[in-house]
Amino acid sequence: MKILISMMTAVVMLTCLSTAPAHADRKTMEGVLLGVGAAVLGTAIYQGLNHSSGYRAPRQHHVTPGYGRGSQCRNDPRHARPPVERWEIQRIWVDPVYETRWNPGHYNRKGHWVSGRYETFQVQDGYWEQRRVRVRY
């Protein structure tokens with residue numbers, strides 16, 4: 001579709017520019033130069049739409065026997081399997097649970113007054129727990 005549009009544009013430009021010198025006192029050289037300019041411009045537009053003609057390394061297609069016609073090699077990325085996952089049981093240490101409570105003011109064993117303060121008390125001991133963990137290998 002791009003080539004068709006570019007060719008139509010080049011033809012219209014060539015036609016318009018080549019008829020312009022006919023009204024300019026029949027100067028032949030001026031008409032030739034305008035025609036050549038239109039041809040160069042049309043060629044540049046046409047070449048701009050095509051891919052560059054630089055060097056490309058040749059493609060090497062090889063089919064390994066036994067792996068099917070579509071795949072080019074054994075480790076074809078199109079047919080790669082997703083990573084395998086499995087479940088594993090791991091021992092995990094669960095930290096003890098502490099709670100902060102207000103300890104009101106009181107007298108200690110020696111009879112000295114101790115003012116009230118917040119203290120941390122252990123509510124639950126730490127323990128080992130077995131959990132199922134998804135592992136990739």
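Note: the structure precedes this text.
A short tour of the structure in this document, coming up.

Definitions and limits used
In every chain, residue numbers begin from 1 and rise along the written sequence. The model is predicted, so local features are restricted to residues of pLDDT at least 70 and side-chain atom pairs to those at 80 or more, both for listing and for counting; the totals for chains, interfaces and linings are taken over all residues. To obtain the side-chain values, all non-hydrogen atoms of the structure were included, while hydrogens and water were left out. Here, a salt bridge means any side-chain nitrogen of Lys or Arg that lies within 4 Å of a carboxyl oxygen of Asp or Glu. Accessibility here uses a 1.4 Å probe with only protein chains present; expressed as a share of the type maximum, an area under 20% marks a residue as buried, one over 50% as exposed, and anything in between as partly exposed. Geometry of aromatic contacts follows a simple scheme: Phe, Tyr and Trp rings, the Trp one being its six-membered ring, pair when their centres are within 6.5 Å, and the pair is stacked under 30 degrees between planes, edge-to-face over 60, tilted otherwise. Going along the chain from the N terminus, every DSSP run of H or I of four or more residues is numbered as a helix, and every run of E of two or more is numbered as a strand. For a Lys NZ or an Arg CZ to count as sitting over a ring, it must be within 6 Å of the ring centre and within 35 degrees of the ring normal.

### Here's the deal with the pattern of salt bridges
Scanning all chains against the criterion turns up four salt bridges. One salt bridge connects E88 with R86, and the closest N-O pair in it is separated by 3.3 Å. The exposure class assigned to R86 is partly exposed, which follows from its relative accessible area of 33%. Among the ionic pairs, E119 bridges to R117, the shortest N-O distance being 2.9 Å. Here R117 falls in the partly exposed class, since its relative accessible area comes to 37%.

### A closer look at the packing of aromatic side chains
Taken as a whole, this structure holds three aromatic pairs when the rule is applied. An angle of 65° between the planes, with centres 5.4 Å apart, marks the rings of W93 and W128 as edge-to-face. Placement of W93 in strand β1 (residues 85–94) and of W128 in strand β6 (residues 127–136) is noted, with a sequence separation of 35 residues between them. On the accessibility criterion, W93 (41% relative accessible area) is partly exposed. Ring geometry for Y107 against W113: centres 5.0 Å apart, planes inclined by 70°, an arrangement best described as edge-to-face. With respect to class, Y107 is no different from W113; both count as exposed. Lying across the ring of W128, R91 places its NZ or CZ 4.5 Å from the centre.

Structural measurements only, silent on function.
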